[in-house]
Amino acid sequence: MTIAPHSLTHLLHMDSHIFTPKHTAKRGGFTLIEILIVIGIIVLLMGITTQMLGTVGEAQGRAQAKSDMALIATGIESFFNQYDTYPRITSAGNEKQAAGDLYKCLTGKMVAKIQNAQIVMSDAGADTRPFVDVSKLKIADPADPHIENVDPEKSGVYFVDPWFEPYLYFYNTASTLNTETASWRGQGFILLSKGPDGKEKNVRSMYTTGIIPDMNDYQSEPENLDNIIPVSYTHLRAHETLSD
């Protein structure tokens, strides 16, 4: 069988057309604009997530602080029932010192008694009944409040809020029985947390008078906006009858 030259050329052309693979251009990767868009989306999502976690964390912290202060306030009331006076301590001077003394009062290591017709806060000769369950509260070492597993028997330790700041306690520090100082007019104690920002500001001399101003007035100071202050703790007792 003889194949014409032109037919052979046609077959070769068809064979080349059928079996020769097609070459497509390869993509060189993401463009700069695409990369920037992806980075922008990731940053946006991270910002939203961080804000959400921060909000949840703050809400949990505030709830924990309120729970802590309820336990502490109950312990302070128990101290009153035992000694007919609240602990005569104030955070108006040294916050950590006052917090340490309050810790000692609530753990049975400090008592209130009369000496020479004066009310005196003094260390107990022997540990007495504690007024709080220490295991339910966070304890801080004044040398480094962020240390975990603090020894509850260590000197100077105190209760801290979820932001590692001492709970602030204010009360009349007059030493004369059944009298108030010229400035203190409150009928109870003040207990507060400085909140997430760790700041607070005395308003209308509330730390020395025992009178908490209206909350709008109190929170007019930026430092007090996130403070946690249970007002109900400030009017629990009207009189003291400390006796020997």
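The present account deals with the structure reproduced in this document. (Residues numbered from 1 in each chain as written. Predicted model: local features only at pLDDT ≥ 70, side-chain atom pairs only at ≥ 80, totals over all residues. Heavy atoms only, no water.)

**Focus on unusual backbone geometry**
Trans is the common state for peptide bonds, and a negative phi is the common state for residues other than glycine. Here is the rule we go by: For the purposes of this entry, the term helix denotes a DSSP run of H or I that reaches at least four residues, the term strand denotes a run of E that reaches at least two, and both are numbered from the N terminus. Burial classes follow relative accessibility: with a 1.4 Å probe on protein chains only, a residue under 20% of its type's maximum area counts as buried, one over 50% as exposed, and anything between as partly exposed.
Positive phi values are uncommon outside glycine, yet N149 reaches one of about 55 degrees. By secondary structure assignment, the location of N149 is in the loop between β3 (139-140) and β4 (158-159). On the basis of relative accessible area, N149 is assigned to the exposed category, the value being 78%.

**Focus on the pattern of salt bridges**
Stated precisely, the cut-off is as follows: Salt bridges, as used here, are contacts in which a Lys or Arg side-chain nitrogen is within 4 Å of a carboxyl oxygen on Asp or Glu.
Summed over the entire model, instances satisfying the criterion amount to seven salt bridges. Between K194 and E165 there is a salt bridge; the shortest N-O distance is 3.1 Å. Within this pair, whereas K194 is found in the loop between β6 (190-192) and α4 (206-209), its partner E165 is found in the loop between β4 and β5 (168-170), the two being separated by 29 residues in sequence. K194 gets classed as buried once you look at its relative accessible area, which sits at 5%. E165 gets classed as partly exposed once you look at its relative accessible area, which sits at 24%.

**A look at the pairing of strand β1 (residues 110-115)**
The cut-off we apply is this: Strands were regarded as paired on the criterion that DSSP finds at least two bridges between them.
In this sheet, strand β2 (residues 118-123) lies alongside β1 in antiparallel orientation, the contact comprising six bridges. Along β2, the bridge assignment pairs Q115 with Q118. Connecting β1 to the antiparallel partner β2 that follows it, the hairpin turn spans two residues, and N116 within it adopts a positive phi of roughly 55 degrees.

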